[in-house]
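Observations on chain architecture
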Amino acid sequence: MTLVTVVCGVILADRLILQAEWWQVNRTVTHAPRPPLADLGPPPGPVTVSWQLSTPVADSELPAYDRVAYTVMEGELVVVSGHGLTVRDARTGRERWHYYRGQWSLLGWARTGHVLVAYLERTGHRGNRLMVGLDAVSGTLLWRQRGDVPAATERSTLRWPAGYGVVIVTEDGRHTLYGRAAATGRRVWSKRLAHGCLLPEAVPYGSAASDGVAAFGLDCGARDRTLAIDPRTGRTLFTTSAAHPAVSVSGNVTVVFDGTGLHAYDRNGREFLVRRGESVCRDMCPAVTNGGRLFIAYDLARGPENGTETRRLESIDIDSGSLSWRRDMSGYTALSVSGGLLYGLRSRLADPLLPAGIDVIDPATGAGTTVPAPLVTRPGLDGVRPWLAAGGGLLYVAVPTARPRPFGAARLVALRGGVRGAGPPELAGVPARDWPDACSLLTKHDLPRGYTPEPTTVQVEGVRLRAGCTYRLRHQKHRTSDGPEREAATLSVTVQWVAADAKTASALFGAARDTQSGARDPVKAGDAAYGLGAPSGTVVMQVGRTIVTVTANVPNRATQLATLIATRLRASA
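Overview of the structure.

Rules used in this analysis
Each chain has its residues counted from 1, running along the sequence as written. The predicted origin of the model limits local features to residues at a pLDDT of at least 70 and limits the giving and counting of side-chain atom pairs to 80 or more, whereas totals for whole chains, interfaces and linings rest on all residues. Only hydrogens and water are removed before side-chain values are computed, so all heavy atoms of the structure are retained for them. Pairing between strands is defined by DSSP: at least two bridges between them are needed. Helix numbering and strand numbering both begin at the N terminus, where a helix is a DSSP run of H or I of at least 4 residues and a strand a DSSP run of E of at least 2. Between N-to-C directions, angles span 0 to 180 degrees; the directions come from axes that are lines fitted to C-alpha atoms, helices contributing only their stretch in contact. Side-chain atoms within 4.5 Å link the members of a nonpolar core, which is a set of buried Ala, Val, Leu, Ile, Met, Phe, Trp, Tyr and Cys residues. Accessibility here uses a 1.4 Å probe with only protein chains present; expressed as a share of the type maximum, an area under 20% marks a residue as buried, one over 50% as exposed, and anything in between as partly exposed. Geometry of aromatic contacts follows a simple scheme: Phe, Tyr and Trp rings, the Trp one being its six-membered ring, pair when their centres are within 6.5 Å, and the pair is stacked under 30 degrees between planes, edge-to-face over 60, tilted otherwise. Think of it as a cone above the ring: NZ of Lys or CZ of Arg counts as a charge over the ring if it is within 6 Å of the ring centre and within 35 degrees of the ring normal. What a helix should span is 1.5 Å times the count of its residues minus one. Residue contacts are counted whenever heavy atoms from the two residues lie within 4.5 Å of one another. Polar contacts here mean pairs of N or O atoms no more than 3.5 Å apart (in protein, one a potential hydrogen donor and the other a potential acceptor; neighbouring residues in sequence count only if both atoms are side-chain atoms). We call a pair of cysteine sulfur atoms a disulfide when they lie within 2.5 Å.

Before going further, it helps to examine the sheet that holds strand S1 (residues 25-27). What the five strands build is an open sheet, ordered S1-S6-S5-S4-S3; its pairing is antiparallel. One side of each edge strand has no neighbouring strand; the edge strands of this open sheet are S1 and strand S3 (68-73). Going across the sheet, the axis of each strand differs from the next one's by a mean of 10°, ignoring polarity. Where strand S5 (residues 84-89) lies against strand S6 (residues 95-101), five bridges are found, and the strand directions are antiparallel. In the strand pairing of S6, Leu85 is matched with Tyr99.

As structure tokens, this is what we get:
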């Protein structure tokens, strides 16, 4: 009798205390009305920061799920991380409500209509899992369910498919799809997969959805395929054969990259776009639909890997498959359409300048304006997929950062239209004449004997800048060798940005430093500086509104030259 009592007590303690909601859940709700948010981004021209947010990447027992993601819905900005959901007023960034759960990790989320669905697992107990449906506007709990798991979580965002008021789930075996009503959690349909096929558990670009289409890259052994279904009913729309397919969905268009080429299909499975090549995409190409057109950015697949994700943006008529227009630009990483404008995020305005670039494009003609964004992207950083959205006259941009160490963070900025200066919008209104010639920042007396300058011109749209200068020993200037002796004898100076004022330059300098995992302790040069490499073969420095990088492969020489450049820039200010 005593043993039975003890066992019963343990079970009750587990259910009533260890699994009780009252101590595990930290959540708030709001009764404030839905924030109004017009379908409108900023106009073409310079942009400035309205508000910004940094979200640390979680450190969990499942590193593959340590991600940050965002979405805009119901006038709100939703921030997703392993910690939980935080929902903010998209206009101001102020928090409206949140849902956190102590000793649990959020491993997936979905959205459809006015509902957010979160999937959580208890830390150290992966079999102890929970799915909750929440009203996106108020944070009110709509339903809870234990047992189901997300149907093919897309690992780079933790998002899994939902559409038309239905969230799509599966069970441990991953052989069957189930549709649950997002508002009630009630099961409304089920679909058995083809024999021998499984849903992936969590892979990059393994699934995607809109209200009209949910697409999955299925693991079918030697017969991998893409499955597209109607999320409302579970009915199969089409299947295609593709090895290890990566998928994305926008509107009624499904885009598939299978490692040999890029393919786009309408809702009936008609293929209307093919771009061949193993390197046209990395993991997946950015794509978005609007007004009967598909806008897609892909790599031209020529030349070596250089850290630039995409090089060509095309507008394709979905009905005919014909090309409407194209733009050849570098580094598109995200696309968004709002208020009759197409926005494209580029990894850099132009190499080797610091800022990321934003293209504001007329979807009908392809004509557009390129402006710098007050943030910096760096290849190789993880934690958040570069993200872009627009609304309420703002443009939301998210990129990964290396700080805080060791796991980094996601930096989100909400941008609004800025003041137009006397100069071109490509330079944020700063006249090109305000940029110093990089080769004028050092004289022959500043350098060891025998060095001669080689200027480098950077072109930003129609603006040309002498932003780079490489110094080589005279007797090595015409050598063809690129060996270590040549590198050791090379110095370089690069003007990476000239801002409208010192405050703006300081913010961009800080953004650049935060993307450098190898940034060393501050260096005494200019207004602010940090070193890269050991011992500081490269120094990145801010002097007033100018940011300069100095590289020298001789210990401490970069710091000495940076100090001389800072003096010269201050004298000419």
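It is worth spelling out the nonpolar core at this point. Leu353, Trp435, Tyr471, Trp497, Met541, Val548 and Ile565 are the most contacted members of the largest nonpolar core, which totals 53 residues. For this core, the secondary structure elements donating two or more residues are strand S37 (451-460), strand S38 (463-473), strand S39 (491-498), helix H4 (502-514), strand S41 (528-532), strand S42 (538-543), strand S43 (546-552) and helix H5 (557-572). With 36 residues, the next largest nonpolar core counts Val87, Trp97, Val115 and Trp143 among its residues.

Right, let's get into unusual backbone geometry. Between Arg403 and Pro404 the backbone carries a cis peptide bond, its omega angle lying at 0°. Located in the positive-phi region is Glu74, a residue other than glycine, with phi close to 50°. Looking at where Glu74 falls in the secondary structure, it is placed in the loop between S3 and strand S4 (76-81). In this structure, Tyr205 is a non-glycine residue whose phi angle is positive, near 55°.

Here the focus is the packing of aromatic side chains. Going through the model one piece at a time under the given rule, you end up with six aromatic pairs. Taking the centre distance of 6.0 Å and the plane angle of 35° together, the rings of Phe295 and Trp325 count as tilted. Taken together, the residues span a long stretch of sequence, with Phe295 in strand S27 (residues 293-298) and Trp325 in strand S29 (residues 323-328) at a distance of 30 residues. Ring geometry for Trp435 and Trp497: centres 5.5 Å apart, planes at 90°, overall edge-to-face. With a gap of 62 residues between them, Trp435 in the loop between strand S36 (409-417) and S37 and Trp497 in strand S39 connect regions that are remote in the sequence. The class for Trp497 is buried, based on a relative accessible area of 4%. The residue whose ring lies beneath Arg187 is Tyr178, and the NZ or CZ to ring-centre distance is 3.8 Å.

The next subject is the sheet that holds strand S2 (residues 47-56). Pairing between the strands of a sheet comes from backbone hydrogen bonds, and it takes one of two forms, parallel or antiparallel. With respect to topology, four strands assemble into an open sheet ordered S2-S36-S35-S34, the strand pairing being antiparallel. Only two strands of the sheet have a single partner each, and these edge strands are S2 and strand S34 (387-391). Neighbouring strand axes in the sheet, compared pairwise and without regard to direction, differ in orientation by 20° on average. Pairing analysis gives nine bridges linking S2 to S36, with the strands arranged antiparallel. From the neighbouring strand, Val47 faces S36, where its bridge partner is Gly417.

Let us look at H4. In a regular helix each residue adds 1.5 Å, so 13 residues correspond to 18 Å; H4 covers 18 Å between its end C-alpha atoms and thus fits that length. Contacts made by the buried residues of H4 are with strand S33 (368-373), S36, S39, S41, S42 and S43. Its side-chain oxygen at 3.2 Å from the backbone nitrogen of Lys503, Asp501 defines the N-terminal cap of H4.

Let us look at the state of the cysteines. Under the definition given, this model contains three disulfides. Here Cys281 pairs with Cys285 through a disulfide, and the sulfurs are 1.9 Å apart. Across the disulfide from Cys281 to Cys285, rotation about the S-S bond amounts to roughly -110°, and the bridge is consequently left-handed. Neither residue differs from the other here; Cys281 and Cys285 are each classed as buried. Disulfide pairing is shown between Cys439 and Cys469; the S-S distance is 2.1 Å. An S-S torsion of about 100° defines the bridge between Cys439 and Cys469 as right-handed. Of the two residues, Cys439 is situated in the loop between S36 and S37 and Cys469 in strand S38; the sequence distance between them amounts to 30 residues.

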